[in-house]
Number of protein chains: 2
Amino acid sequence: MRIGVLGTGVVGRTLATKLVSLGHEVRMGSRQAGNEKAVEWTREAGAGASEGSFADAAELGELVINATAGAVAVDALRMAGADNLAGKVVIDVSNPLDFSRGMPPVLTVCNDDSVAERIQRELPDASVVKSLNTVNADVMVTPEVVPGDHTMFVAGNDADAKRQVTDLLESFGWPRERVLDLGDVTAARGMEMYLPLWLRLFGAAGTPRVNIHVVTG
Amino acid sequence: MRIGVLGTGVVGRTLATKLVSLGHEVRMGSRQAGNEKAVEWTREAGAGASEGSFADAAELGELVINATAGAVAVDALRMAGADNLAGKVVIDVSNPLDFSRGMPPVLTVCNDDSVAERIQRELPDASVVKSLNTVNADVMVTPEVVPGDHTMFVAGNDADAKRQVTDLLESFGWPRERVLDLGDVTAARGMEMYLPLWLRLFGAAGTPRVNIHVVTG
């Protein structure tokens, strides 16, 4: 399918590369068409890869992934354009981490709101699904680098959108039975507020290839 | 050993009962000696169980567990008395959940602070260890009700204190290799901010007997 990926950082490039390798037509979006990292990525990724503005990527994509930093995500989606995103699934993988005050980082939004909810409010005609933000970029697209069973979450208001995202996750290598639906988009609060714990797990494990497996009695 | 348990709720009573069953001398503390639930608990728990004020429990305990609600925990510890707690290990199992604004609940402290850090600042001569707050009361003292491997966290500034707490956790049934040290007391932020996710896991699983197993690549 045609997929727009907003953001040129490690997460955006990792996801975009995986999507191209799976045969999708992918446009990477950034603040201005011609972004150096995006152009470099199109050369590496080859056929099926293009780049442009946030709006260009949103317009092309039948599905759009927000891989911009959480603190600027709403701005990026606004630039992408509510009209370009109406009726589409928007996967929000961002985390609102602010390292500017040193370690441990703080979240720029949390507790009674989340980035995903802000995006959903900005784009009332899109179906926002929060997912993938709880693991490192390489684990997102290669879950088997963490051995054994471990869990991926989805949250959003639209059951059909969550099914589409689960299909995409399955194509990345996430077994369907390891994808846990946490409910409506307000569940994104918990998924984003998990990040301070994740950073400590990373520290304790000594590797960002760390995830959690949900176990039930 | 002699242990003070502050709080007469389900968590306090569950922990206190387990500790008595393990042969410890346990005093349950509340705002005022003679609290109805505490007195009832002493009758049920039998030999080794007593009750009194927060200060009475703190004075008796060689180790003290804070099982009051997170929103009132610092007040409770202040009433327990810094002098009574100097040089002692204080295990903070509280969560600052506020359900008064409906679902989902918000945290009364988070992001750049935590209940455990507030307690540590209130009690500079005590060694605060955050633990057990990430699971339901019955899982705290009977981890085997959740089958298979799953993780318990400890965080605090004093390595000796964390070793003592790990010994206690082992006596509850937590295998030593499943107890993960997340570092200093600021890691309590992540452990407390995990609660909104935990509440969603509870919802998705349909049971509070749910926990996470940390998996590393």
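Please refer to the structure higher up on the page.
This one's a predicted model, so the numbers in the text were calculated from it and none came from an experiment. (Residues numbered from 1 in each chain as written. Chains lettered and ligands numbered in written order. Predicted model: local features only at pLDDT ≥ 70, side-chain atom pairs only at ≥ 80, totals over all residues.)

**Student:** Please provide a residue-by-residue account of the relation of the copies chain A and chain B, values included.
**Tutor:** Relating one copy of the chain to the other requires a rotation about an axis plus a shift along that axis. Of the transformation superimposing chain A on chain B, the axial component is 0.0 Å and the angular component is 180°, with the fit at an RMSD of 0.0 Å. Both chain copies can therefore be described as sitting about a two-fold axis. Same-surface contact between copies: 100% of interface residues of chain A are shared with the interface of chain B. (Least-squares fit on C-alpha atoms with pLDDT ≥ 70 in both. Contact = placed C-beta atoms within 7 Å.)

**Student:** So what about the packing of helix H4 (residues 73-80) of chain A against helix H6 (residues 115-122) of chain A? Which residues, and what values?
**Tutor:** Working note: a packed helix pair is described by the angle between its axes plus the distance between those axes. Residue and element names in this part refer to chain A. Relative to each other, H4 and H6 sit at 25°, their axes nearing to 9 Å. Taken together, the axes of H4 and H6 are roughly parallel relative to one another. At the point where H4 passes H6, the crossing takes the right-handed sense. Residues Ala73, Val74, Leu77 and Arg78 of H4 lie in contact with H6, whose contacting residues are Val115, Arg118, Ile119 and Glu122. Looking at the contact of H4 with H6 residue by residue, the class counts come to 5 nonpolar, no polar and 3 charged. (Axes fitted to C-alpha atoms, helices over the stretch in contact; angles between N-to-C directions. Helix = DSSP H or I, 4+ residues; strand = E, 2+ residues; numbered from the N terminus. Parallel < 35°, antiparallel > 145°, perpendicular 65-115°, else oblique. Left-handed = near helix turned anticlockwise from the far one by under 90°. Nonpolar A, V, L, I, M, F, W, Y, C, P; charged D, E, K, R; others polar.)

**Student:** Break down the nonpolar core for me, with residues and values.
**Tutor:** Counting residues in hydrophobic clusters, the biggest one holds 142 residues, and the most contacted among them are Val5 of chain A together with Val5 of chain B. Residues in contact with Val5 of chain A, not counting those within four places in the same chain, are Gly12, Leu15, Ala16, Val26, Met28, Gly29, Ala57, Ile65 and Ala67 of chain A. (Core = buried A, V, L, I, M, F, W, Y, C linked by C-beta atoms within 7 Å. Buried ≥ 20, exposed ≤ 12 C-beta atoms within 10 Å, placed from the backbone.)

**Student:** Pulling in residues and values, what's your account of the interface of chain A and chain B?
**Tutor:** On the chain B side, the residues contacting the 40 residues of chain A number 40 residues. Those elements that place two or more of their residues in the side of chain A that touches chain B are strand E7 (106-107), strand E10 (179-181), helix H9 (188-193), helix H10 (195-205) and strand E11 (210-216) of chain A. When residues of the side of chain A that touches chain B are assigned to their parent elements, the largest contribution, 8 residues, is made by H10 of chain A. Looking at side-chain class alone, the side of chain A that touches chain B contains 23 nonpolar, 12 polar and 5 charged residues. Judged from the 7 bridges that link them, E11 of chain A and strand E11 (residues 210-216) of chain B form a sheet pairing that is antiparallel. The residue of E11 of chain B that forms the bridge with Asn211 of chain A is Val215 of chain B. (Pairing = 2+ DSSP bridges.)

Function cannot be inferred from these measures alone, as they are strictly geometric.
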